[in-house]
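An overview of the molecular structure
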Amino acid sequence: AQESAHEWGRIWDRMDVMIDGPVVDQAALRFCAYHNRIATPTHTDHLPVGARGLSCQAYQGAAFWDQEVYNLPVFLWTEPEIARRLLVYRHRSLDGARRKAARHGYEGAFYAWISGDTGDELCPDVFFADVLTGRPIRNHFNIWQIHISPDIVTSIDQYVRVTGDEQFVVEHGAEMAFEVARFLRSRVLLDERHDIFHCVRLLGPDEWHENVDDNAFTNYQVRTALDVAVRMHAWLAEKHPAALDDLTGRLVLDPDEPVAWARIRDHLLLPVPDPGTRLIEQFTGFFELEDVTPEELRARLLHPQEYWGWPNGVAVRTQVAKQADVPVLLWQHRDEFDDDVVTANYRYYEPRCSHASTLSHPPFGFVALRAGDVE
């Protein structure tokens, strides 16, 4: 008991955040930090952070994008050696990502939406059943949520920027970044007439809207991941040419590939704020969907347990989101958008979000603060 208390004292010295306000808020913050810590395999680099921590058996302790975007940052700023281990896990599971890419006809590494020990895809084709008919619903979480791969690369870049651990790039990061860049190159679609690349047939963070094009969050993550790969290649060429030669040989990397990555980066469609409304469209055609509230949709249900999402759920043809989507973009790419853009999008998207995911309130909370909505 004494040893445990000493270790927890060390942990809290690093990770505790003291806030002004009601004690219940302080307790809630510590509760979340505590669960993030106990759900993380801090002792090893071959296990992921299980989605929903210890509170849910449905995900079997496997990793989602939650690991990099939601779980990892607390360690990045408090115990970076743990953040490193989580990223090394992604390197250990790189062959599984390669197998997934090849299975679907792509190059490089397509990381699993649900990843276990080997990195092979654990997400089933069918997650839900239609309660009205009993028939299975084919969801495409495992093949259309491509942002998992650039999410990992952007987290690698953030880790290196914060810690200065350049050796990680040499040993692990560059290989992952190059393989993801290869996947993205084989996945994007070129509009030759306008010389613009598109990301098509996607799911963004909002899982109720499948089979969409140019999801804003996804496209920004793709652009950043390609930029990271290009920069890492140039850095290795200058600082560690022998390591680059070795990696080039192992990956059979064509000298023209980084040039192709840079071209996609520079010609990828990036949804930008409307000059008048300052709104960023969640995906192409989103604003053309029916504009209703989650409460209105709930009244349309024929059964209380209906699935709201694709292909025929009540939310599919509306602007009602399952969870934060554009706000995740504003959270992850916070330096790219002015406060007026953040405020306009927060005020627009929050009333149209059902928050039917624990991944929803954190990014909304961040943009709410920037919008001045402290409550």
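In the block above lies the structure referred to throughout.
Source: prediction; values computed, not measured. (Residues numbered from 1 in each chain as written. Predicted model: local features only at pLDDT ≥ 70, side-chain atom pairs only at ≥ 80, totals over all residues. Heavy atoms only, no water.)

On a plain count of helices and strands, the chain comes out with 15 helices and four strands. For 375 residues, the compact-globule formula gives about 21 Å, and the C-alpha radius of gyration of the chain, at 21 Å, lands near that figure. By its C-alpha atoms, the chain is 70 × 65 × 45 Å across when sized along the principal axes. Across the 375 residues in the chain, those meeting the buried criterion constitute 53%. For the chain, the proportion of contacts with a sequence separation of at least 24, taken over those separated by at least 6, is 67%. Measuring between centres, the 36 positive side-chain charges of the chain sit 3 Å from its 58 negative side-chain charges. (Helix = DSSP H or I, 4+ residues; strand = E, 2+ residues; numbered from the N terminus. Rg over C-alpha atoms; globule rule 2.2 N^0.38 Å. Buried < 20%, exposed > 50% of the residue type's maximum accessible area, 1.4 Å probe, protein only. Contact = heavy atoms within 4.5 Å. Lys, Arg positive; Asp, Glu negative; His and termini not counted. Charge placed at Lys NZ, Arg CZ, Asp CG, Glu CD.)

In contact at an axis separation of 8 Å, helix α14 (residues 339-349) and helix α15 (residues 361-370) are set at 130° when each is read in the N-to-C sense. The orientation of α14 with respect to α15, classified from their angle, is oblique. Where α14 crosses over α15, the two elements pack in a sense that is left-handed. Here α14 contributes D339, V342, T343, Y346 and Y349 to the contact with α15, which in turn contributes F364, V367, A368 and R370. In terms of residue class, the contact of α14 with α15 is made up of six nonpolar, one polar and two charged. (Axes fitted to C-alpha atoms, helices over the stretch in contact; angles between N-to-C directions. Parallel < 35°, antiparallel > 145°, perpendicular 65-115°, else oblique. Left-handed = near helix turned anticlockwise from the far one by under 90°. Nonpolar A, V, L, I, M, F, W, Y, C, P; charged D, E, K, R; others polar.)

Let us look at empty space enclosed by the protein. One pass over the structure, following the stated rule, counts one cavity of 30 Å³ or more. Looking at the largest cavity, its volume works out to about 50 Å³. Lining the largest cavity are Q282, A321, Q323, A324, D325, V326, P327, Y349, R352, C353 and F364. Looking at the lining of the largest cavity, its residues break down into seven nonpolar, two polar and two charged. (1 Å grid on protein atoms, 1.4 Å probe; cavity = no way out; pocket = protein on both sides within 12 Å on 5 of 7 lines; lining within 4 Å. Points joined across faces, edges and corners; volume = space filled by probe spheres on them.)

Attention now goes to the pairing of strand β1 (residues 126-129). Sheet topology places β1 next to strand β2 (residues 136-138); three bridges connect them, and they run antiparallel. Within the sheet, the bridge partner assigned to A129 lies in β2 and is P136. Counted along the chain from β1 to the antiparallel partner β2, the turn is six residues long, and its residue G134 has a positive phi close to 80°. (Pairing = 2+ DSSP bridges.)

Grouped together as the largest cluster of nonpolar side chains are 104 residues, with contacts concentrated most on W65 and F178. Per-element tally for this core: the top contributor is helix α9 (residues 216-239), with 12 residues. (Core = buried A, V, L, I, M, F, W, Y, C linked by side-chain atoms within 4.5 Å.)

Let us now look at the side chain of N36. Following the sequence through the fold, N36 ends up in helix α2 (residues 23-38). Within the structure, N36 has its side chain in polar contact with the side chain of N71 (distance 2.6 Å). Each residue touching N36, except ones within four places of it in the same chain, is listed here: N71, V74 and F75. (Polar contact = N/O pair within 3.5 Å; in protein donor to acceptor, adjacent residues only side chain to side chain.)

Here we take up α14. Most of α14 is tucked away: eight of the 11 residues are buried. Taken residue by residue, α14 has V341, V342, T343, A344, N345, Y346, Y348 and Y349 as its buried positions. Considering only its buried residues, α14 is in contact with α13 (326-332) and α15.

Here the focus is the pattern of salt bridges. Counted under the stated rule, the structure contains 32 salt bridges. Of the charged contacts in the structure, one is a salt bridge between D157 and R161, with a shortest N-O distance of 2.8 Å. With D157 and R161 both in helix α7 (residues 148-163) and four residues apart, this pair spans about one turn of that helix. Taking relative accessible area as the criterion, R161 reaches 60% and is therefore assigned exposed. One salt bridge in this structure joins D195 and R263, with 2.5 Å as the shortest N-O distance. With a gap of 68 residues between them, D195 in the loop between β3 (189-191) and β4 (196-198) and R263 in helix α11 (residues 257-267) connect regions that are remote in the sequence. Judged by its relative accessible area of 27%, D195 is partly exposed. A single salt-bridge network, built from bridges that share partners, covers D95, R98, E175, E179, R182, D246, R250 and E257. (Salt bridge = Lys/Arg side-chain N within 4 Å of Asp/Glu carboxyl O.)

The next thing to look at is the environment of E68. Here E68 shows up in helix α3 (residues 66-76). Under the relative-accessibility criterion, E68 is labelled buried at 1%.

Viewed as axis vectors pointing N to C, helix α8 (residues 166-187) and helix α10 (residues 241-251) meet at an angle of 45°, and their least axial separation amounts to 11 Å. The pairing of α8 with α10 is recorded here as oblique in orientation. The interaxial crossing formed by α8 with α10 has right-handed handedness. Contact residues: V170, A174, E175, F178, E179 and R182 in α8; A243, L244, L247, R250 and L251 in α10. Of the residues contributing to the contact of α8 with α10, the split by class is seven nonpolar, no polar and four charged.

Everything listed here is a matter of coordinates, which is why it stays silent on function.
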